[in-house]
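Summary of the model geometry
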Amino acid sequence: MCIRDRHRTDRLAFVINVRMEGFFLKSEKLKSLFNLKTSPHFILRFGKFKSVLGASALIASDKITIFPKVDLSYPVYKDHVQIFIGSDQKTFTNSIYNLLSINPFMNTNLNKLSNSVANEICGGVKGEFSFLTYQCNVGYKDVRDQLFFNFDSIDVVRHKAFFDNTRFFFLEGNLEFRILQNVTLGGRININNFKMDTLRAPFHTPDSVSYTHLRAHETVLDLVCRLLLEKKKQHNITFRHTK
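Definitions and limits used
- Residues numbered from 1 in each chain as written.
- Predicted model: local features only at pLDDT ≥ 70, side-chain atom pairs only at ≥ 80, totals over all residues.
- Heavy atoms only, no water.
- Salt bridge = Lys/Arg side-chain N within 4 Å of Asp/Glu carboxyl O.
- Helix = DSSP H or I, 4+ residues; strand = E, 2+ residues; numbered from the N terminus.
- Buried < 20%, exposed > 50% of the residue type's maximum accessible area, 1.4 Å probe, protein only.
- Core = buried A, V, L, I, M, F, W, Y, C linked by side-chain atoms within 4.5 Å.
- Contact = heavy atoms within 4.5 Å.

Considering all chains together, one arrives at six salt bridges under this definition. Two residues, Asp88 and Lys69, come together in a salt bridge whose shortest N-O distance is 3.3 Å. With Asp88 in strand 7 (residues 81–93) and Lys69 in strand 6 (residues 64–77), this residue pair connects regions lying 19 residues apart in the sequence. Lys69 matches Asp88 in its accessibility class, with the two residues each being buried. Residues Glu120 and Lys141 are paired through a salt bridge, measuring 3.5 Å at the closest nitrogen-oxygen approach. Of this pair, Glu120 sits in strand 8 (residues 115–128) while Lys141 sits in strand 9 (residues 132–151); the two residues are 21 residues apart in sequence, bridging distant segments of the chain. Here the two residues Glu120 and Lys141 agree in accessibility, since each one is buried. A single network of salt bridges, built from pairs that share partners, joins Arg19, Glu21 and Lys37.

This is the structure in structure tokens:
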């Protein structure tokens, strides 16, 4: 269930999103997890300067987390060069359905339901020309129960899900060239430097497009539909490097 409300003037708008979810897991005994996600925030415009100020909150049956929602941007040179800085909280519920949407070869013997909560701070530069769109940003993430995959020691043809508290710095960049009206060629690079509490290495971390960069209040099903629609309009080349 999702509720969205907006009150707006010429320079000021107030937006609030509310989403309620319920998940159930049947193992030795029935387990449940209920989430209420909300992100009340103001959108302010002063000339060329645009800002989003508010908070993102997850009220779950096991824990409550709140983190500032900030997005500040300023066009240095029209739409060609814009600088931005921001922070936000992104959540992902590790249910069997959501995990299988990421990795269909995963072993479904889960023993708990949990939320992966990522608090992110980042900044960078972005812009667009008639034939080119680009963005480059650097930041830091603190993730509770980050999802990892590794081979299952019992069922070797399946992957097993692992979770660990993780902190990492990241550098991301992407370019898109418009070749024809409906044809776009692009490239993307993502460099992460991980530090985990217990795991010695970030085994098979999910791709950041499908996991850590879910848009606000976007389910995995929403993401898949969006990516399929975008795939019809462009061909992307993805580069990924992890330390």
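The biggest cluster of nonpolar side chains holds 14 residues, and the ones touching the most others in it are Leu99, Met106, Leu113, Leu147, Phe149 and Ala161. When residues of this core are traced back to their parent elements, those giving at least two are strand 2 (12–26), strand 5 (49–60) and strand 9. In contact with Leu113, other than residues within four places in its own chain, are Phe23, Phe24, Leu25, Lys31, Ser32, Leu33, Asn94 and Ser95.

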